[in-house]
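Remarks on the overall topology
In case you want the letters, here they are:
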Amino acid sequence: MSKRDQIINTLSADTKLISEKINELRNNNEQYFVLNGRKKTYHVLTYGCQMNEHDSEKIAGILNSIGYEESDNDKNSDLIIFNTCLVRENAELKFFGKLGAVKELKKNRPDMLIAVCGCMMQNDEIRQKVLNKYRFVDIIFGTNTIQELPELIYNVEINKNKSVEIIDNSELIYENMPKQRKFNYKALVNITYGCNNFCTYCIVPYVRGREKSREPQEIINEVKLLAEDGCKEITLLGQNVNSYGTTFEEKFTFSDLLYELNKIDGIERIRFMTSHPKDLSDDLITAIKELKKVCNHVHLPVQAGSNNVLKSMNRKYTKEHYLTLVEKLRKEIPDVAITTDIIVGFPGETEEDFLETIDLVEKSEYDSAFTFLYSVREGTIAAKMENQIPEDVKHDRFDRLLNVLYPIGLKKNETCIGKTYSVLVESVSKNANEYLTGRTEHFRLVHFKGDESLLGKIVNVKINSAKTFHMEGELV
Ligand code: SAH
Ligand code: SF4
Ligand code: F3S
């Protein structure tokens, strides 16, 4: 048995999974394999952020542990799972579009199971809409009920019942769920779940519940297993990693966690996201500076540059405070890369407010940024605000923002020309086979010539040229 299978097996020993029903399901799937010469297959469609990507790895791990096999497309799968996102309207539209297409697939294959989970299913209204209008959906579960998936499949397959299992705001953290990681050399690791911040535009606290921190030892054990399994890079996940541990009786902060994880042999890079500016501590800056494995990259979402808008967003910091943080980071960690998220067109945003965002972007000199048009989310405070901004104004500001961001990104990449960086090789280029793609610790994308055997390795690459979104170089 490979180390990887061993880990999956140990983890799947979680009590939740060893019920008689699950054994029956597993036996049925084994029989299916004997009779049909193939395992039943599943395909997971993932929308949204890395939280969802990681949840999909757990879903895949659970399905593998009960005898299913992953399929790379939905057409010939026995089970299709939609892991949904509700953060902006377009995530919602994409899901409903695809769900409509799958209805047609199921017409020809009535035995196919369709499951919908993730953040959208945590919303009562949307869940009811799926239940009432998309009656071909067999299974619905939420972000706190992933561990129930085998029981839900059992209910449909054996009891022929539609299965729905949602818990609004679970206090519990289910440890030891099996995981089928997408990549061998890098892994996502949850450190907190949920969010307490209630930024007025954001639906996440409503669908993911209150913030909970995983016990340090659980995280350390998981990362040790990952390292033994050959994983080199971990990304620690939380809506606000900086508030990790605030509920613990004994003081143990996010930077304490970084010091512990930095000791684990085999792990070479530690990333984290997301860092909320209101809670970015001096201790964390020191940890990034002192700890060799912690990447010199901070994703620090600013959202807006105007103090009026920041206040109305409930972000709890000012433009001036944010710029002080940027200055401190650059002073303490001279080669630090800073990236961000920005929303344009928040209700009430005036032209002057928008120009404050432009000013902040120029001063912060971001390496890159995720930019969003404000999207009304029913149930949030901002959805009820007056002065919603017309779509054409939002689009105009969006374009003008990119015109400022892109040249800064290019300039940042150009400063790397002639220098050599260690790059974790992540993929073979889609367009040209002999080209590999990887990232520097600063999260800069690099293309260079090399062969597939380097996948998952950390190599040295000298940068020869720079574009806005990537750099080109050669192996040294
Ligand atoms: N917890 C992270 C963000 C998670 S959501 C943080 O606080 O930084 C990812 C990003 O989506 C946010 O940073 C924000 O820029 C964007 N976003 C969230 N809600 C949005 C909305 N209603 N409209 C547009 N963008 C939104
Ligand atoms: Fe949403 Fe704000 Fe929480 Fe981030 S910190 S998930 S933006 S409410
Ligand atoms: Fe992530 Fe979307 Fe949910 S951004 S937390 S998947 S609403």
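Since we're looking at a predicted model, the values are computed, not measured.

Overview of the domain arrangement of the chain
As a measure of interface size, the accessible area lost when the parts come together is often cited. Taken domain by domain, the chain holds domain 1 (3-165), domain 2 (186-414) and domain 3 (420-475). Taking only C-alpha atoms, the centre of domain 2 and the centre of domain 3 are 25 Å apart. On the domain 3 side, the residues contacting the 19 residues of domain 2 number 19 residues. Taken together, the two surfaces of domain 2 and domain 3 that pack against each other cover about 1500 Å², and 51% of this comes from carbon and sulfur. Of all residues in domain 2, K232, R269 and N413 give up the largest surface area on contact with domain 3, accounting jointly for 38% of the area buried on that side. For the pair domain 2 and domain 3, the interface holds two salt bridges. Residue R444 is joined to D367 by a salt bridge in which the shortest nitrogen-to-oxygen separation is 2.6 Å. In this structure, the connection of domain 2 to domain 3 is made through 11 residue pairs in polar contact (both at pLDDT 80 or more). Elements supplying a minimum of two residues to the side of domain 2 that touches domain 3: β11 (269-273) and α14 (391-414). With six residues, α14 is the single largest residue contributor to the side of domain 2 that touches domain 3.

Things to note about the site of ligand 1
Near ligand 1, the surroundings consist of 15 residues, among which R88, Q239, Q303, D341 and S375 are the closest. Contact between ligand 1 and R88: an oxygen atom at 2.8 Å from a side-chain N or O atom of the residue. Only β13 (337-344) and β14 (368-373) provide two or more residues apiece to the shell around ligand 1. Considered class by class, the residues forming the shell around ligand 1 number seven nonpolar, four polar and four charged.

Conventions used here
Residues numbered from 1 in each chain as written. Chains lettered and ligands numbered in written order. Predicted model: local features only at pLDDT ≥ 70, side-chain atom pairs only at ≥ 80, totals over all residues. Heavy atoms only, no water. Domains from an automatic or database assignment. Contact = heavy atoms within 4.5 Å. Buried area = accessible area lost by both parts, 1.4 Å probe. Salt bridge = Lys/Arg side-chain N within 4 Å of Asp/Glu carboxyl O. Polar contact = N/O pair within 3.5 Å; in protein donor to acceptor, adjacent residues only side chain to side chain. Helix = DSSP H or I, 4+ residues; strand = E, 2+ residues; numbered from the N terminus. Near = heavy atom within 4 Å. Nonpolar A, V, L, I, M, F, W, Y, C, P; charged D, E, K, R; others polar.

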